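Per-entry structural report
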Amino acid sequence: MIAEADPSTAAAPPLRWSNRFASLGTSFYTELPAQALPDPHWVATSPECAQMLGLPADWDTRPDWNALAVFSGGAPWPGMRPLASVYSGHQFGVWAGQLGDGRAHWLGEVQTAAGPMEIQLKGSGRTPYSRMGDGRAVLRSSIREFLASEAMAGLGIPTTRALAVTGSALPVLREEVETAAVVTRVSPSFIRFGHFEHFAHHDLHPQLRTLADHAIDHHFPSCRDAANPYLALLEAVTLCTARLLADWQAVGFCHGVMNTDNLSILGLTIDYGPYGFLDAYDPGHVCNHSDHQGRYAYARQPGVAFWNLHALAQALLPLIGEPDEALAALEPYKSEFAQALTARMAAKLGLATQEEGDAALIDDLLRRMAADRADFTITFRRLADFDSTPGARNDPLRDLFVDREAFDAWAVRYAERLGRERSVDAERAPRMNRVNPKFVLRNHLAEVAIRRAREGDFAEVDTLRRLLARPFDAQPGFEAYASFPPEWAQQIEVSCSS
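Residues numbered from 1 in each chain as written. Predicted model: local features only at pLDDT ≥ 70, side-chain atom pairs only at ≥ 80, totals over all residues. Heavy atoms only, no water.

**As for the overall build of the protein chain**
Summing up its helical and strand segments, the protein chain has 16 helices and twelve strands in all. Over its C-alpha trace the protein chain gives a radius of gyration of 23 Å, about what one expects of a compact globule, namely 23 Å for 498 residues. Principal axes of the C-alpha set define a box for the protein chain whose edges measure 70 × 60 × 40 Å. Here the protein chain, with 498 residues, has 58% of them falling under the buried criterion. Put simply, 73% of the contacts in the protein chain that link residues at least 6 apart link residues at least 24 apart. A total accessible area of about 20000 Å² is found for the protein chain, and carbon and sulfur atoms account for 52% of it. (Helix = DSSP H or I, 4+ residues; strand = E, 2+ residues; numbered from the N terminus. Rg over C-alpha atoms; globule rule 2.2 N^0.38 Å. Buried < 20%, exposed > 50% of the residue type's maximum accessible area, 1.4 Å probe, protein only. Contact = heavy atoms within 4.5 Å. Areas by Shrake-Rupley, 256 points an atom, 1.4 Å probe, with all protein chains shown as cover.)

Put into structure tokens, the structure is as follows:
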């Protein structure tokens with residue numbers, strides 16, 4: 001997949017650029033070019049993301065389009081307007097002041113069949129918001145973000161997408177010397193909670209209103225007809241955030257660094273750094289080695305999101321007016337999250353009806369999984385094959401638990417519950433397999449792909465991308481990718497530099 005980049009731009013694909021964020025004005029960004037990687041090469045591309053953008057299958061190989069140069073920070077296509085946006089935020093619960101796109105360049109917004117999509121480079125050089133950073137990303141973190149973005153899309157979870165990763169021999173110093181890379185990210189918007197916090201903190205209320213109006217007009221148009229559009233905006237963001245957190249918890253996804261500058265106003269998963277999917281089920285699991293206090297532990301994520309929404313409400317207060325109304329707009333988070341998570345967990349258990357004891361049935365299974373450190377993904381995948389016949393042993397599932405008798409007692413209750421709704425095993429199994437993935441992006445799978453990529457072999461990155469695009473399918477021949485993590489996986493550490 002290695003190709004040479006021509007720094008000149010002879011032609012470009014017939015894309016329609018609108019660049020609405022750029023119309024907000026220079027209070028919101030600094031317009032500047034990216035810094036190109038020297039001697040770049042392709043590491044990975046996503047055909048699914050390219051298709052979403054309306055790009056043809058050969059978009060990355062056409063020499064007249066110079067895609068390699070464009071997406072490694074070189075000459076942009078006509079219609080692109082490279083810029084870096086400014087925002088602020090709370091990091092680990094502490095006000096961090098001004099932040100911004102310190103290593104990212106927004107290229108523009110293109111019209112697609114799925115709606116307008118913004119394109120951004122990450123790792124494309126220093127900007128006025130880099131602070132002490134070098135503006136670069138490394139191959140390791142870029143591969144992780146690329147794979148996670150496309151994996152979450154495959155799971156049906158709202159996310160930014162990743163079009164490509166380009167690499168270079170350019171050395172970058174982190175804990176050790178690594179090589180540089182650039183990941184191309186795609187999203188309907190890259191606006192974060194921190195954008196609003198920035199203008200509110202600096203008492204720039206006209207700009208705050210401009211940003212809120214932009215969000216309403218282009219992303220939440222139904223809010224415009226409300227008595228208080230800004231209050232309606234807050235409630236809309238609250239609801240989509242609640243649903244996103246239910247999605248995360250239902251697949252065992254840990255974000256790792258849920259700062260307010262890392263939460264999207266559209267309820268998208270954004271900024272994949274020290275993320276991870278649960279192996280053994282542990283509600284207290286902390287995937288970020290830098291999170292010494294466990295603030296962003298798996299079980300704490302829903303509460304952290306609610307905390308972050310309070311920070312957003314505080315930022316919007318100059319537009320909303322009444323603090324009590326802003327607090328009231330946050331209250332639906334609790335019920336929306338609870339209802340969404342209950343629905344997702346009931347689907348994971350194959351329950352087609354509702355009963356009063358369902359929450360206890362679900363909670364007791366999770367407690368048993370936590371006590372015995374049962375693998376999260378494998379447990380639910382095997383649950384789809386549960387035999388509800390009285391006396392059935394269900395050994396493949398049962399063997400995941402240390403306390404077999406405790407599992408047996410739960411299994412009797414589960415079988416009785418299925419019987420009350422006259423569930424048919426053969427009909428229930430495929431339904432459950434459509435919500436319980438066989439494949440998730442475990443850290444050890446990403447680590448193997450990264451190690452091979454460092455040696456110039458990018459095939460494993462592409463294999464993972466293809467598998468994770470269809471995570472619910474059986475995909476015979478790739479069972480090893482759905483197996484238990486090896487012992488060495490316990491030594492993998494990911495941190496904010498990942």
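**Thoughts on the pattern of salt bridges**
Evaluation of the coordinates by the stated rule reveals 36 salt bridges. In this structure, the salt-bridge partner of Asp 408 is Arg 398, at a minimum N-O distance of 2.7 Å. Taken together, the residues Asp 408 in helix α13 (residues 404-420) and Arg 398 in helix α12 (residues 395-398) connect sequence positions ten residues apart. Of the residues examined, Asp 408 reaches a relative accessible area of 27% and is grouped as partly exposed. For Asp 462, the salt bridge goes to Arg 465, with nearest N and O atoms at 3.1 Å. Placement of both Asp 462 and Arg 465 in helix α16 (residues 459-468) is noted, with a separation of three residues, approximately one turn of the helix. The network of salt bridges with shared partners includes Lys 122, Glu 145, Arg 185, Arg 192 and Asp 271. (Salt bridge = Lys/Arg side-chain N within 4 Å of Asp/Glu carboxyl O.)

**Notes on the nonpolar core**
Ranked by size, the top nonpolar core spans 97 residues in total, and within it Phe 196, Leu 234, Ile 265 and Leu 441 carry the most contacts. Top element by residues in this core is helix α6 (residues 229-251). It accounts for 13 residues. Those residues in contact with Leu 234 that lie beyond four places of it in its chain are Leu 309, Leu 312, Ala 313, Leu 316, Ile 320, Ala 326, Ala 329 and Leu 330. (Core = buried A, V, L, I, M, F, W, Y, C linked by side-chain atoms within 4.5 Å.)

**A few points about helix α14 (residues 425-433)**
Every buried residue of α14 is listed here: Arg 428, Ala 429, Met 432 and Asn 433. The buried side chains of α14 occupy one side of the element, clustering within an arc of 130° when seen end-on. Exposed positions of α14 whose direction lies more than 90 degrees from the buried face are Ala 426 and Glu 427. The inward-facing, buried residues of α14 contact α9 (332-348), α11 (376-383) and α13. (Arc of directions from axis to C-beta.)

**Some details on the pairing of strand β9 (residues 161-173)**
Inspection of the sheet shows strand β2 (residues 41-45) paired to β9 by four bridges, in the antiparallel sense. Opposite Ala 44, over in β9, you have Val 165 as the bridge partner. As paired strands, β9 and strand β10 (residues 177-187) are joined by nine bridges and run antiparallel to one another. Note that in β10 the partner of Val 165 across the bridge is Val 183. (Pairing = 2+ DSSP bridges.)

**Considerations on the packing of α6 against helix α8 (residues 323-330)**
Taken N-terminus to C-terminus, the directions of α6 and α8 make an angle of 25°; their axes are 8 Å apart at the nearest point. Overall, the two elements α6 and α8 adopt an arrangement that is roughly parallel. For the pair α6 and α8, the crossing hand works out as right-handed. Across the interface between the two elements, Leu 231, Leu 234, Glu 235 and Thr 238 of α6 pack against Glu 325, Ala 326, Ala 329 and Leu 330 of α8. Across the contact of α6 with α8, the residue classes break down as five nonpolar, one polar and two charged. (Axes fitted to C-alpha atoms, helices over the stretch in contact; angles between N-to-C directions. Parallel < 35°, antiparallel > 145°, perpendicular 65-115°, else oblique. Left-handed = near helix turned anticlockwise from the far one by under 90°. Nonpolar A, V, L, I, M, F, W, Y, C, P; charged D, E, K, R; others polar.)

Keep in mind that these numbers describe shape and distance, not what the molecule does.
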